[in-house]
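Structural overview
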Amino acid sequence: MKDHSRRQGKPSNSQDAVTSTNKPIVFVAAFITGYIAGKLKSKEENILGSLNNNDFTFWTRDVRTGKVTVSEGNAQIYGVSRKDFERNPNIFFDSIHPDDVSILLDAMEEQKAAKKTTVVYRIIRLDGSIRWVEDRGTPIFNKKGEMIKVKGVIFDITSQKKAEEKINELAFQDALTGLPNRNWFQDHLLATIKRKSPVAVMFIDFDNFKRVNDTLGHRAGDHLLIQIAKRLRACIRKKDIVSRQSGDEFLVLVHSDNVSEIEETAKYIIQEMNHPYTVDGTEILSTPSIGISLFPQSADNAESLIEMADFAMYLAKKSGKNTYQFYNEELNRQMKRKVLLETRLHKAISQGELEVYYQPQIDLSTGCLAGAEALLRWECDMGKIPPDEFIAIAEDTGSIIQIGEWVIREACRHYKRFKDHGLAGFPISVNISTKQLMHQNIVERIKAILVEEDTDPRSLTLEITESALLFYEDAKNNLMELRKLGVGISLDDFGVGYSSLSMIKNIDIDELKIDKSFLNDALDNKRVRALLETIVLIGKKIEAKVVIEGIETAEEMEFLMKLGVYGQGYFYSKPLPIDDFEKWYHTFYR
């Protein structure tokens, strides 16, 4: 009988083998299941932990229920805890600044359209403080394409906003007065023009402000500007704008198309600004000159409107200051002419367009020629330009320094020519501007010209106006040095300036020129005649040569002969080119 014990035992051994083989698989499966379960539990704990993490600013809004879940960090941005949010989910919406609610509502509409959103708005915390936040939301949809929730993060950007505001202050705010600066004003004006809103631009400059800086110092000038800014703000309506342009120049934007209303605003500003200011115990009066341009009548862009208002202000100053002037077509014509003349004047010397004319000064006691005044004339392709017009342009552009030196050099050359041509030696008077007088190198430049042209300093007299002597403190050293050099100093237009007697008290002068306005009225007005005779007496007492300007009639000449003075005017001769002046001399004194 065959032994089947082994055959029957094989299946049993095979099953043991299979069982033995599955043991590692089961172990691995159990391990994996346990691992995943552990990770899920760990992830769940991490998520819960994240909600309580102060640094994580996570939020979720259930679209169906409206419930909002937030992390602890998110809640703290609102100044509350996460539990406060759980008790009152409306905190999320109730905290939004009223002016910014529409921002979040617009973002929610975008989320419904499956768009991610990033918005910035303000929230008001329970303590009343305002925080800026950046809110980023991502819509979540189910398999049916229905939005079920929105997840997002929120960041407190208050510090960033404050830094931006500070940068904007530096870029768009005047540091001294706190007013918007020129950049901000131009941007605001540009936006106003784009909206087609009618406005007026006022360019305001304060008269005699430089004198405050020069006499009381820049600190006092700054205090004055702060007071001016405060007073200007009080003069305008809340919807209007006042801005500091630079120095003592301000811009005002008046939202109106009513010319009468704009004019009343200008008048009110002038009225209020005419009250004195007090700076460091000193009373100061600084009146405004105002130029006004209108949109859209004057121009259709911001830069032109400001330029036109500036030019109108310049004409307001020429009209006597402390007044206002609207820009108009005539001003437009003048402005274009001024630009053309500025360009041409720059080349006038090199192109030989400038010429010195001479008007004689006569000793009325003897009838002899006692001097001549050099008067500058300019003729270019635009014709003969009046001296009052081009001298003002030269002052504004700074070319007066170069032109003034050229005139002095020409006068020195002509003095020598007069002697060579048989004209009796007499001094030549040359007008000198305030800018020249205050220039730091004026003495050295005149000295160099006298040496180069081999001219006696005593043959040259410099005429200065009373208004120039408002800056006497800045110019006195130059005046003293010029007199030491031997150059004569003449005070022109005496009697019509700001401080006549105080000026001749402070400075030694060689010549006193009395303005023709006194002579015009002296024959018919006893009071004016007495004033004129008194001024002549003062001039003689200080040993100055007294010259009366504007003699036009024999009657005026006969009256002045009794006073023993010198005369100048059309009665003797109008200003003449050098050749004609020499002919006049030889005819008059042959």
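Here, every reference points to the structure presented above.
Note that the structure is predicted; figures quoted are calculated from it, not measured.

1. Topic: the overall build of the protein chain
What the protein chain contains, in helices and strands, is 22 helices and 22 strands. Per-residue burial over the protein chain gives 43% buried out of 590 residues. In the protein chain, the share of contacts with a sequence separation of at least 24, taken over all contacts with a separation of at least 6, comes to 63%. Counting only carbon and sulfur atoms, one obtains 51% of the accessible surface of the protein chain, whose full area is about 32,200 Å².

2. Comments concerning the pairing of strand 5 (residues 147–156)
Taken together, the 5 bridges between strand 1 (residues 58–62) and strand 5 define a ladder with antiparallel strand orientation. Its bridge partner lying in strand 5, Arg61 is registered against Val150. Bridge count for strand 4 (residues 130–141) against strand 5 is 9 bridges, and the pairing is antiparallel. When the bridges of strand 5 are listed, Arg136 appears paired with Val153.

3. A closer look at a negative patch on the surface
There is a patch of like negative charges on the surface, built from Asp521, Asp524, Glu555 and Glu558. Position of Glu558 relative to the elements: it lies in helix 21 (residues 554–561).

4. Remarks on helix 10 (residues 259–273)
When the terminal C-alpha atoms of helix 10 are compared, their 21 Å separation across 15 residues agrees well with the 21 Å that a helix rising 1.5 Å per residue should span. Where helix 10 is buried, its residues meet strand 6 (199–206), helix 9 (218–235), strand 8 (249–254), strand 9 (277–279), strand 11 (288–295) and strand 12 (324–326). The backbone nitrogen of Ser260 lies 3.0 Å from a side-chain oxygen of the residue at the head of helix 10, namely Asn258.

5. What about the pattern of salt bridges?
According to the stated counting rule, one finds 32 salt bridges in the structure shown. For Arg87, the salt bridge identified is with Asp84, shortest N-O distance 2.6 Å. Note that Arg87 and Asp84 are positioned in helix 3 (residues 82–87) at a spacing of 3 residues, about one turn of the helix. Assessed through its relative accessible area of 62%, Arg87 is described here as exposed. The structure contains a network of salt bridges with shared partners spanning Arg409, Glu410, Arg413, Glu452 and Glu453.

6. With respect to the sheet that holds strand 6
Pairing is mixed in the open sheet, where 5 strands are placed in the order 7-8-6-11-12. Of all the strands in the sheet, the pair left with one neighbour each is strand 7 (241–246) and strand 12. The sheet shows a mean angle of 20° between the axes of neighbouring strands, taken without regard to direction. Note: strand 11 against strand 12, 3 bridges, orientation parallel. Each bridged residue has a counterpart across the sheet, and for Ile292 the counterpart in strand 12 is Phe326. Helix 9 rests against strand 6, strand 7 and strand 8 of the sheet, and its axis sits at about 10° to strand 8. Strands strand 6, strand 8, strand 11 and strand 12 of the sheet are contacted by helix 10, whose axis makes an angle of about 160° with strand 11.

7. A short note on unusual backbone geometry
Of note, the bond from Phe295 into Pro296 is cis; its omega dihedral lies within 30 degrees of zero at 15°. Checked against the element boundaries, Pro296 lands in the loop between strand 11 and helix 11 (302–318). A positive phi angle, near 65°, is found at Lys196, a position not held by glycine. Along the chain, Lys196 turns up in the loop between helix 7 (182–194) and strand 6. By relative accessible area, which is 66% here, Lys196 ends up exposed.

8. Describing the sheet that holds strand 5
What holds strands together in a sheet is hydrogen bonding between their backbones, with the strands either parallel or antiparallel. Pairing in this open sheet of 5 strands is antiparallel, and the strands run 2-1-5-4-3 from one edge to the other. This sheet does not close on itself; its edge strands, each paired only once, are strand 2 (68–70) and strand 3 (117–124). Geometrically, the sheet is characterised by an average inter-axis angle of 25° between neighbouring strands, direction not taken into account. Sheet analysis places strand 1 next to strand 2, joined by 3 bridges and oriented antiparallel. Residue Thr60 lies in a different strand from strand 2, and its bridge partner there is Thr69. The sheet contacts of helix 5 (residues 101–112) involve strand 1, strand 3, strand 4 and strand 5, and relative to strand 3 the element is tilted by about 150°.

9. Details of the environment of Ala309
Within the secondary structure, Ala309 is located in helix 11. With 17 residues separating them in the primary sequence, Ala309 and Phe326 have C-alpha atoms 7.6 Å apart. Excluding anything up to four places from it in sequence, Ala309 contacts Val201, Phe203, Gly291, Ile292 and Ser293.

10. Looking at the side chain of Lys338
Tracing the chain through its elements places Lys338 in helix 12 (residues 329–345). For Lys338, a relative accessible area of 17% gives the class buried. The residues touching Lys338, leaving out its near neighbours within four places in the chain, are Phe311, Tyr314, Ile393 and Asp396.

11. A few points about the nonpolar core
Counting residues in hydrophobic clusters, the biggest one holds 75 residues, and the most contacted among them are Tyr358, Leu462, Leu560 and Phe581. At 9 residues, helix 14 (residues 400–420) tops the list of elements feeding residues into this core. Discounting chain neighbours no more than four positions away, the residues touching Phe581 are Tyr358, Gln359, Pro360, Leu369, Ala372, Phe418, Leu423, Phe426 and Leu576. In this structure, Met202, Phe209, Val279 and Ile290 belong to the second largest nonpolar core, which totals 32 residues.

About the thresholds
Residues numbered from 1 in each chain as written. Predicted model: local features only at pLDDT ≥ 70, side-chain atom pairs only at ≥ 80, totals over all residues. Heavy atoms only, no water. Helix = DSSP H or I, 4+ residues; strand = E, 2+ residues; numbered from the N terminus. Buried < 20%, exposed > 50% of the residue type's maximum accessible area, 1.4 Å probe, protein only. Contact = heavy atoms within 4.5 Å. Areas by Shrake-Rupley, 256 points an atom, 1.4 Å probe, with all protein chains shown as cover. Pairing = 2+ DSSP bridges. Patch = residues over 30% accessible without salt bridge, like charges linked within 9 Å, V, L, I, M, F, W, Y side chains within 5 Å. Salt bridge = Lys/Arg side-chain N within 4 Å of Asp/Glu carboxyl O. Lys, Arg positive; Asp, Glu negative; His and termini not counted. Charge placed at Lys NZ, Arg CZ, Asp CG, Glu CD. Expected span 1.5 Å × (residues − 1). Polar contact = N/O pair within 3.5 Å; in protein donor to acceptor, adjacent residues only side chain to side chain. Axes fitted to C-alpha atoms, helices over the stretch in contact; angles between N-to-C directions. Core = buried A, V, L, I, M, F, W, Y, C linked by side-chain atoms within 4.5 Å.

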